[in-house]
Number of protein chains: 6
Amino acid sequence: MTSASTTAVVRADGRTVDQLREITITRGWSKQAEGSALIEFGNTKVLCTASFTEGVPRWLKGQGTGWVTSEYAMLPRATNTRNGRESVKGKIGGRTHEISRLIGRSLRAVIDTKALGENTIVLDCDVLQADGGTRTASITGAYVALAEAIEWAKTKKLVKANATVLTDSVAAISVGIIDGTPMLDLPYEEDVRAETDMNVVVTGSGDFVEVQGTAEGVPFKRAELDALLDLALIGTKDLARIQRETLGL
Amino acid sequence: MTSASTTAVVRADGRTVDQLREITITRGWSKQAEGSALIEFGNTKVLCTASFTEGVPRWLKGQGTGWVTSEYAMLPRATNTRNGRESVKGKIGGRTHEISRLIGRSLRAVIDTKALGENTIVLDCDVLQADGGTRTASITGAYVALAEAIEWAKTKKLVKANATVLTDSVAAISVGIIDGTPMLDLPYEEDVRAETDMNVVVTGSGDFVEVQGTAEGVPFKRAELDALLDLALIGTKDLARIQRETLGL
Amino acid sequence: MTSASTTAVVRADGRTVDQLREITITRGWSKQAEGSALIEFGNTKVLCTASFTEGVPRWLKGQGTGWVTSEYAMLPRATNTRNGRESVKGKIGGRTHEISRLIGRSLRAVIDTKALGENTIVLDCDVLQADGGTRTASITGAYVALAEAIEWAKTKKLVKANATVLTDSVAAISVGIIDGTPMLDLPYEEDVRAETDMNVVVTGSGDFVEVQGTAEGVPFKRAELDALLDLALIGTKDLARIQRETLGL
Amino acid sequence: MTSASTTAVVRADGRTVDQLREITITRGWSKQAEGSALIEFGNTKVLCTASFTEGVPRWLKGQGTGWVTSEYAMLPRATNTRNGRESVKGKIGGRTHEISRLIGRSLRAVIDTKALGENTIVLDCDVLQADGGTRTASITGAYVALAEAIEWAKTKKLVKANATVLTDSVAAISVGIIDGTPMLDLPYEEDVRAETDMNVVVTGSGDFVEVQGTAEGVPFKRAELDALLDLALIGTKDLARIQRETLGL
Amino acid sequence: MTSASTTAVVRADGRTVDQLREITITRGWSKQAEGSALIEFGNTKVLCTASFTEGVPRWLKGQGTGWVTSEYAMLPRATNTRNGRESVKGKIGGRTHEISRLIGRSLRAVIDTKALGENTIVLDCDVLQADGGTRTASITGAYVALAEAIEWAKTKKLVKANATVLTDSVAAISVGIIDGTPMLDLPYEEDVRAETDMNVVVTGSGDFVEVQGTAEGVPFKRAELDALLDLALIGTKDLARIQRETLGL
Amino acid sequence: MTSASTTAVVRADGRTVDQLREITITRGWSKQAEGSALIEFGNTKVLCTASFTEGVPRWLKGQGTGWVTSEYAMLPRATNTRNGRESVKGKIGGRTHEISRLIGRSLRAVIDTKALGENTIVLDCDVLQADGGTRTASITGAYVALAEAIEWAKTKKLVKANATVLTDSVAAISVGIIDGTPMLDLPYEEDVRAETDMNVVVTGSGDFVEVQGTAEGVPFKRAELDALLDLALIGTKDLARIQRETLGL
């Protein structure tokens, strides 16, 4: 499927099927947070902040391990039509819950909580503008904010200078099949047309943290799954490089 | 990984790595619902009911298509220690939301909503006893309840007798890597020890509807992912057969 | 009113006016709970579990007394048409609250909380299928689950082996006046037709714990009240015997 | 039990066992509501208002019958120590639900909803000061507010002048057993000491609308139940007279 | 604007533009609260209670300072048409929140929290009948309840007898511009017609605690603001005198 | 107080007492909304979007008038320490409610809803970074977003090209007294030290829409109020000029 013929497909925004949108990461965007990054995947813009506090929730106390968690949300007019605020509705929707949990799990996969010590880091990913891929941009940006916060904590001697708190980097990308062709990094207009939609979270070393594939219409074949994973690995490798450059590593 | 050496692994409950627990499906368990099944994956017991009502939610009216949705919940003492009720807490947790959405998507993948007509089916999956695999048992049992409800609707002439409402069957199973060995259908004690945990939803034809893999500790390799998918296809093929037998097809 | 003429009344299900529906109690239904019973009053099926935990709520600490409480709920499709989940609505309805409180009070009436010591027992009564009398089945079944949990606690030496934690047994039944005739143990179709509806909770010794009578249409006379209480004492005496047999006492 | 010896019992407030506290009903207390009454049972003060509106809830439309419902609440400092507001907690407690439902049922028992026509009356009972018996004072006062509102509706020609909307009057009183002695109309200090506590709702004709008896400690005997009902009939007869005088009937 | 010509304006209730409605304060209305006042501004009636408890919220502990807070609410039928209860809706509206906060701030402005010591006073202002000015009546009445509660605490030796807990008195009044004329103390019918509406909270010494002016239609001029403040100072001076007389100072 | 001596006061950030922080307004920040502006008052950054939709809420239908409303919120880490999300808490706090209402009233003061026609505009003000003055920045930025949205609607012919929907501009600023000196546009560090704090909303013509002054510690004098209003008029005049320049008017 990623054969010569399909690479000739030209997408609405001029990209090839295995090409990321323009990725921009502005680290240190927030003057308030211990770590932060404004990440852009094309027109998708997510503000990621990492809030570091000493201590852990009560149920973790005295075990010498830290805690990393995440919350995801969208501004009401991040999207093409306005969505009511979840604070006004008085409850969090299923999609929000699901993505918040996904981000938290993804980042915890590269954290050594023993090395973090009894400290808590909350990663907030707030979508300022949405054009597809908000959850993958969130994970990718949250990693940068997290790395910044850990650096900050080492400077403040809240974490040992030589501790390897981050065991690897982590990034995520969406892939999908549109009109039978697997494609990388779907903007909204491609996302709604995708027959199969997959979000893949991959470490800097190229191992999987999460694979979430969903048939939107027709169930998908094993070969299609394989082609999508191939694309995802191309994309996340590129994102890992951009993260390293942003962090000056 | 599913090599000769690993098939020699004996699990706590005496199963081989590619063997399902004892599966029991009691269809028509409920005297009240249009379709129902009590499904058991070993000690996991889920009551699945399908509630058929004429008409669709307002936003779907006049389009000639039906609506299938799902809600999942656990009784407070389905588990080893009691969990507070979500009704008492006043909100639904992230895990509940996530599983309810997964079940709904999985069943919708085999429904032709045009053939269903402007009718609504709500699938309720209530876990009476939990021992791992509650979401996969729910999907597998909900399919039986759904098939029963559609049969009922044809008898009542609410759906055309010759309509192919169900385009395929659907079943789901969990797989995971425990001490480096991929295994099928994890009970709770294996689930908590799994390094990688995957839920796979597959049609009767063997195509994928959902693939959700999560690294609980160490990220996983592509080869591990492949081995897990192999096991999942073995398990869901078996479940599809049991579903057919239960429905007398 | 329970005169010769009325005993000749034949009910839709063939019972006499002073006859219980078929009562089945399956103790130990749950592998997870410290005590449990699946109780059936005809087509009404309620799963009762007793969760025993050491310690008491903060406001009771240090007083040497235990705590017994209860929560009642219905599965959404326990009834003839589906009811929305209270967890989804985000609040518990008045009827649920009322019945939960009734069950708790009824069981506490036969518990010596000093003998229980600083331990907590939560009784969960979940209606799997509803056909009238769900609250009375819940109380009757919860007693069996409670007795099992106390037996378990004695085995585990969490409660003294010779402590008389249960001072008596307790059971409950509904009675009502239909077309002017007092009847025992109303299924749903009789319940909706009843002019007066009463739930009576009685100890094994035949004393009253709760009497709740309600005129659904026309107010009722003292003589009618007396006739209903007579029937309730017949029914609860029978239930107390079945409870004893179930528990092997 | 209401023998010569027990009538000699002198209560803390100087009353005999079968004597009501001082009862005061101020009708027309509110300038805003269509009907209202401030009712006092000793130090218990409840403001009851009846809000009459044309039309009925959607599910009742076109059936030619009206709707009467009730809501009960306590001001936070009606009691000896302050209780948090249910509006601040974001949910209504079980006790509030239970009493609101009891008041509604009690008043509906004396309303001919056909004669009321497609109109709605909401009875609000707000406890300004609590000293036991707040639910029985609420029912007794709500009847007066209801009668006023119906009178108002007849004047406004919203209800036919000759319609018998109220088929009877209704009043309620608490009774209980303290130190083995049945007593009428319990203030708070007696209520907390009662072994058995009963609330009885009775029509002006002396028939029962509700009987709710609860063993607080020791289960109660049939003879005790009978003695309590005797007292309740004495008390509600007196209340019915006061209601008639208040309404000038 | 408060020129000779405008003082000739006669209002619907016969008052001059700078005249308060009839003000009545009944102190000690509640038998339960440590301090209380039923305050009436014409037909507006608010029950204010002050609940004194030893100790402070956790975040204030050990600092030697007290805490004063307030909650405001309306009975559902205080107004001309019935408003749904906030407890039933499950959330507090913006207006309620805003007024509760205003009352709390206003009273804290005249409290020396050091002199109060580690004690908490909650001021509940419940509107029994509403006819405009409920927030200003609440502040004015809450001051009397607060003064009573502090007197009570001194008697009980919970606060030092010679401590100056109250540094001044505080009262509030509404003013507004109707048909171009500034007027004092607006009842509901004037309030809805006002072009500009202002609530002013003033100490007994004549200094400002809060000034909240809102243009309802046309923005207002500085001269109009000045005229409104002049009126408010006249009204609050009168209220301060009535407060002193009520408290016997 | 704004005498020669006080103008010599140098503030921590080097401003004079009557000087605004650096103000930046980036219009058209959002690609999704019909109108938008990112406004900065020093380090305070608020994203304001205006969502235009045809039609009005049901209770306004058929009256030929439009509806403008507003919602304000803060990102959890906009502030120096993280605040829990209101969506997670399940309810909106009093401060959020109060500011949302203030923004809505302020903008409605310069809208001719008849000229707007039966259309709705929702103004969302989301604080990305907070350093004092978030509500005043919100009002000032929301005006720009609103003007953009109306321009858009005229282009789309949803509003008549020659309609004067905006009758004036509107801007807001905070003023306060710090160490006895009135100052304009307080950043967080000044705000917490202010004895009196005032938010003033002023039209382009220099008339008042809202005046909200609060004594944080000591009540304030009339002369202080006057000095604060003088400063506020200086600041809002400057803001009105910046708004005009941003909009190219």
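Rules of the game
- Residues numbered from 1 in each chain as written.
- Chains lettered and ligands numbered in written order.
- Predicted model: local features only at pLDDT ≥ 70, side-chain atom pairs only at ≥ 80, totals over all residues.
- Heavy atoms only, no water.
- Helix = DSSP H or I, 4+ residues; strand = E, 2+ residues; numbered from the N terminus.
- Rg over C-alpha atoms; globule rule 2.2 N^0.38 Å.
- Buried < 20%, exposed > 50% of the residue type's maximum accessible area, 1.4 Å probe, protein only.
- Contact = heavy atoms within 4.5 Å.
- Areas by Shrake-Rupley, 256 points an atom, 1.4 Å probe, with all protein chains shown as cover.
- Pairing = 2+ DSSP bridges.
- Axes fitted to C-alpha atoms, helices over the stretch in contact; angles between N-to-C directions.
- Least-squares fit on C-alpha atoms with pLDDT ≥ 70 in both.
- Expected span 1.5 Å × (residues − 1).
- UniProt positions renumbered as here; feature names shortened; annotations may be inferred.
- Polar contact = N/O pair within 3.5 Å; in protein donor to acceptor, adjacent residues only side chain to side chain.
- Salt bridge = Lys/Arg side-chain N within 4 Å of Asp/Glu carboxyl O.
- Parallel < 35°, antiparallel > 145°, perpendicular 65-115°, else oblique.
- Left-handed = near helix turned anticlockwise from the far one by under 90°.
- Phe/Tyr/Trp six-rings, centres within 6.5 Å; stacked < 30°, edge-to-face > 60°.
- Lys NZ or Arg CZ within 6 Å of the ring centre and 35° of its normal.
- Buried area = accessible area lost by both parts, 1.4 Å probe.
- Nonpolar A, V, L, I, M, F, W, Y, C, P; charged D, E, K, R; others polar.

This paragraph deals with the overall build of chain A. A count of helices and strands for chain A gives seven helices and nine strands. The C-alpha radius of gyration computed for chain A amounts to 18 Å, which stays within 12% of the reference 18 Å derived for 249 residues, consistent with globular compactness. On the principal axes, the C-alpha backbone points of chain A span a range of 55 × 40 × 30 Å. Expressed as a percentage of the 249 residues in chain A, the buried residues total 62%. A sequence separation of at least 24 residues applies to 69% of the contacts in chain A between residues at least 6 apart. For chain A, the exposed surface amounts to about 9,500 Å²; the carbon and sulfur share of it is 49%.

Next up on the list: the sheet that holds strand S7 (residues 181–184) of chain A. Strands sit in the order S7(A)-S6(A)-S8(A)-S9(A)-S9(B)-S8(B)-S6(B)-S7(B) across an open sheet of eight strands; the sheet is antiparallel. Each edge of the open sheet is held by one strand with a lone partner, namely S7 of chain A together with strand S7 (181–184) of chain B. Neighbour-to-neighbour, the strand axes of the sheet open up by a mean angle of 15 degrees, direction not taken into account. Where strand S6 (residues 170–178) of chain B and strand S8 (residues 196–203) of chain B come together, eight bridges link them in antiparallel fashion. What sits directly across from Ile173(B), in S8(B), is Val200(B). Across the sheet, helix H7 (residues 222–246) of chain A is in contact with strand S6 (170–178), S7, strand S8 (196–203) and strand S9 (208–215) of chain A together with strand S9 (208–215) of chain B; its angle to S6(A) comes to roughly 145 degrees. Contacts between helix H3 (residues 94–108) of chain B and the sheet are confined to S9 of chain A together with S6, S8 and S9 of chain B, with S9(B) contributing the most and set at about 150 degrees to the helix.

Look at Asp179(D): it is not a glycine, yet its phi comes out positive at around 50 degrees. Assessed through its relative accessible area of 60%, Asp179(D) is described here as exposed. Its identity is not glycine, yet Lys157(F) carries a phi of approximately 60 degrees, on the positive side. Considering the arrangement of structural elements, one finds Lys157(F) in the loop between helix H5 (134–155) and strand S6 (170–178). With a relative accessible area of 75%, Lys157(F) lands in the exposed category.

Here chain F sits on chain A after a turn of 180 degrees about the axis and a move of 0.0 Å along it, with an RMSD of 0.0 Å. Overall, the copies show the geometry of a two-fold rotation axis. The C-alpha atom lying nearest the rotation axis in chain F is that of Ser87(F); the distance is 1.8 Å. Interface overlap between copies: 97% of the residues of chain F at the interface are likewise at the interface in chain A, consistent with a symmetric, same-surface contact.

Let us look at the relation of the copies chain B and chain A. Turning one copy of the chain about an axis and sliding it along that axis gives the other copy, so a rotation and a shift relate them. Each copy superposes on the other: chain B lies on chain A with an RMSD of 0.0 Å after a rotation of 180 degrees and an axial shift of 0.0 Å. Of the interface residues in chain B, 100% have counterparts in chain A that sit at the interface too, so the contact is made through matching surfaces.

Hydrogen bonds between backbone atoms are what pair the strands of a sheet, whose relative direction is either parallel or antiparallel. One open sheet holds the eight strands; their spatial order is S7(C)-S6(C)-S8(C)-S9(C)-S9(D)-S8(D)-S6(D)-S7(D), and the pairing between them is antiparallel. Every interior strand has two partners, whereas the edge strands, strand S7 (181–184) of chain C together with strand S7 (181–184) of chain D, have only one. Across the sheet, the mean angle separating the axes of adjacent strands is 15 degrees when strand polarity is ignored. Docked against the sheet, helix H3 (residues 94–108) of chain C engages strand S6 (170–178), strand S8 (196–203) and strand S9 (208–215) of chain C together with strand S9 (208–215) of chain D, running at close to 150 degrees with respect to S9(C).

With 26 residues, helix H7 (residues 222–247) of chain E extends 37 Å between its outermost C-alpha atoms, agreeing within 8% with the 38 Å of an ideal straight helix rising 1.5 Å per residue. Following H7(E) by one or two positions, Gly248(E) adopts a phi angle in the positive range, close to 65 degrees.

Looking now at the UniProt feature "binding site: phosphate" (unreviewed entry) in chain A. Residue and element names in this part refer to chain A. Summarizing the sequence annotation, UniProt attributes the feature "binding site: phosphate" (unreviewed entry) to Arg95, Gly133, Thr134 and Arg135 in the numbering used throughout. The greatest C-alpha distance among the annotated residues, which extend across 41 residues, is 13.4 Å, indicating that they converge on a single site. Once residues within four sequence positions are removed from consideration, Gly133 is found in contact with Arg21, Phe41, Thr44 and Leu186. Along the chain, Thr134 turns up in helix H5 (residues 134–155). Taking the relative accessible area as the measure of exposure, Thr134 reaches 5% and is therefore buried. Dropping the residues within four chain positions of it, Thr134 is found in contact with Thr44, Val46, Tyr72, Met74, Arg95 and Val127. Within the structure, the side chain of Thr134 is placed 2.6 Å from the side chain of Tyr72, a separation counted as a polar contact.

Enumeration over the complete set of coordinates arrives at 120 salt bridges over all chains. Salt-bridge contacts for Arg85(B) lead to Asp124(C); the nearest nitrogen and oxygen are separated by 2.7 Å. Of this pair, Arg85(B) sits in the loop between strand S4 (67–74) and helix H2 (86–89) while Asp124(C) sits in strand S5 (residues 119–129), each in a different chain. Between Arg77(D) and Glu34(E) there is a salt bridge whose closest N-O contact spans 2.7 Å. You can see Arg77(D) sitting in the loop between strand S4 (67–74) and helix H2 (86–89) and its partner Glu34(E) sitting in the loop between strand S1 (23–27) and strand S2 (35–41), one on each of two chains. Here Arg77(D) matches Glu34(E) in class, with each residue buried. Salt bridges here are not isolated pairs; linked through shared partners, they connect Asp13(A), Arg15(A), Arg21(A), Asp131(A) and Asp185(A).

The relative placement of two packed helices is expressed as an angle between their axes plus a distance between the axes. Residues and elements named next belong to chain F. Running from amino to carboxyl end, H5 crosses helix H7 (residues 222–247) at an angle of 30 degrees, the nearest separation of the two axes being 11 Å. Our classification of the angle between H5 and H7 gives roughly parallel. Read as a crossing pair, H5 and H7 show a hand that is right-handed. Only Leu239, Gln243, Thr246 and Leu247 of H7 make contact with H5, whose side of the interface consists of Thr140, Tyr143, Val144 and Ala147.

Here we come to the packing of aromatic side chains. Throughout the structure, instances matching the rule amount to 18 aromatic pairs over all chains. Over the aromatic face of Trp29(F) sits the side chain of Lys45(A), whose NZ or CZ is 4.3 Å from the ring centroid.

It is worth spelling out the interface of chain F and chain A at this point. Contacts between the two partners involve 35 residues from chain F and, on the opposite side, 34 residues from chain A. Taken together, the two surfaces of chain F and chain A that pack against each other cover about 2,900 Å², and 49% of this comes from carbon and sulfur. Considering only the surface of chain F that becomes buried against chain A, Gln32(F), Arg77(F) and Arg85(F) emerge as the three largest contributors, covering 25% of it. At the surface where chain F touches chain A, the tally comes to twelve salt bridges. On the surface where chain F and chain A come into contact, there are 23 residue pairs in polar contact (both at pLDDT 80 or more). For the side of chain F that touches chain A, the elements supplying multiple residues, two or more each, are strand S3 (44–54), strand S4 (67–74), helix H2 (86–89) and strand S5 (119–129) of chain F. Residues that form the side of chain F that touches chain A fall into these classes: 15 nonpolar, ten polar and ten charged.

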